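# Close look at the chain arrangement
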Amino acid sequence: MTVTLSPDQLAWIEARVAKGDYPDVDEAVRDLLATGIAEHEEAETDDMAWAKPLVDEALAERERGEFTVIHDIDAFLRGIFRPERG
């Protein structure tokens, strides 16, 4: 198999090799590809169970009235970044 890297990709990898992060370009490409594959596999199997406690807490805060309406935040930020001139 032959893979053609863009000039920017090759320059980035060669810079990491020169810095000592990888022993050579081939090893860098193998490592980066393995990392990319692992990230894709993780994303494909993530069932978002980790988010359930966060969502549950947010819903509980909403039930308790502990929230801010977006237009209140917008008005606050406008007051900070664009104060009225008087």
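Source: prediction; values computed, not measured.

## Observations concerning the confidence of the model for the protein chain
Averaged over every residue, the pLDDT of the protein chain is 91; residues scoring 70 or more account for 95%. Mean pLDDT values over the elements of the protein chain span from 84, in helix H4 (residues 70-81), up to 97, in helix H1 (residues 7-19).

## Description of the environment of Glu66
With respect to the helices and strands, Glu66 occurs in the loop between helix H3 (52-63) and H4. Only 3.0 Å separates the side chain of Glu66 from the side chain of Arg64, close enough to count as a polar contact.

## Observations regarding the packing of H1 against helix H2 (residues 25-45)
Running from N to C, H1 and H2 cross one another at 110°; their axes reach a closest spacing of 9 Å. In terms of their interaxial angle, H1 and H2 are classed as roughly perpendicular. Crossing geometry of H1 relative to H2 is assigned as right-handed. Contact with H1, carried on its side by Leu10, Trp12, Ile13, Glu14 and Val17, involves Val25, Ala28, Val29 and Leu32 of H2 and no other residues of that element. Its residues placed into classes, the contact of H1 with H2 shows eight nonpolar, no polar and one charged.

## What about the pattern of salt bridges?
Evaluated as defined, the whole model comprises six salt bridges. Lys19 is paired through a salt bridge with Asp21; the nearest N and O atoms lie 3.7 Å apart. Across the pair Arg64 and Glu57 runs a salt bridge, and its minimum N-O distance is 3.3 Å. Note on Glu57: relative accessible area 38%, which makes it partly exposed. Each of the salt bridges in this network shares a partner with another, and the network as a whole consists of Glu57, Arg64 and Glu66.

## Notes on the environment of Leu32
Within the element layout of this structure, Leu32 appears in helix H2. Between the alpha carbons of Leu32 and Asp21 there is a distance of 12 Å; along the sequence they are 11 residues apart. Leu32 has contacts with Trp12, Ile13 and Tyr22, leaving out every residue within four places of it along the chain.

## A closer look at a nonpolar patch on the surface
The grouping of Phe67, Val69, Ile70, Ile73, Phe76, Leu77, Ile80 and Phe81 at the surface amounts to a nonpolar patch, some 830 Å² of accessible area in total. Position of Ile80 among the secondary structure elements: in helix H4.

## Side note on a negative patch on the surface
On the surface, Glu39, Glu42, Asp46 and Asp47 cluster together into a negatively charged patch. Summarising the element assignment, Asp46 is placed in the loop between H2 and H3.

## Some thoughts on H3
Helix length check: H3, at 12 residues, gives a terminal C-alpha distance of 16 Å against a target of 16 Å (1.5 Å per residue), a fit within 8%. Just downstream of H3 lies Gly65, where phi reads positive at about 80°.

What counts and how
Residues numbered from 1 in each chain as written. Predicted model: local features only at pLDDT ≥ 70, side-chain atom pairs only at ≥ 80, totals over all residues. Heavy atoms only, no water. pLDDT = per-residue confidence, 0-100. Helix = DSSP H or I, 4+ residues; strand = E, 2+ residues; numbered from the N terminus. Polar contact = N/O pair within 3.5 Å; in protein donor to acceptor, adjacent residues only side chain to side chain. Axes fitted to C-alpha atoms, helices over the stretch in contact; angles between N-to-C directions. Parallel < 35°, antiparallel > 145°, perpendicular 65-115°, else oblique. Left-handed = near helix turned anticlockwise from the far one by under 90°. Contact = heavy atoms within 4.5 Å. Nonpolar A, V, L, I, M, F, W, Y, C, P; charged D, E, K, R; others polar. Salt bridge = Lys/Arg side-chain N within 4 Å of Asp/Glu carboxyl O. Buried < 20%, exposed > 50% of the residue type's maximum accessible area, 1.4 Å probe, protein only. Patch = residues over 30% accessible without salt bridge, like charges linked within 9 Å, V, L, I, M, F, W, Y side chains within 5 Å. Areas by Shrake-Rupley, 256 points an atom, 1.4 Å probe, with all protein chains shown as cover. Lys, Arg positive; Asp, Glu negative; His and termini not counted. Charge placed at Lys NZ, Arg CZ, Asp CG, Glu CD. Expected span 1.5 Å × (residues − 1).

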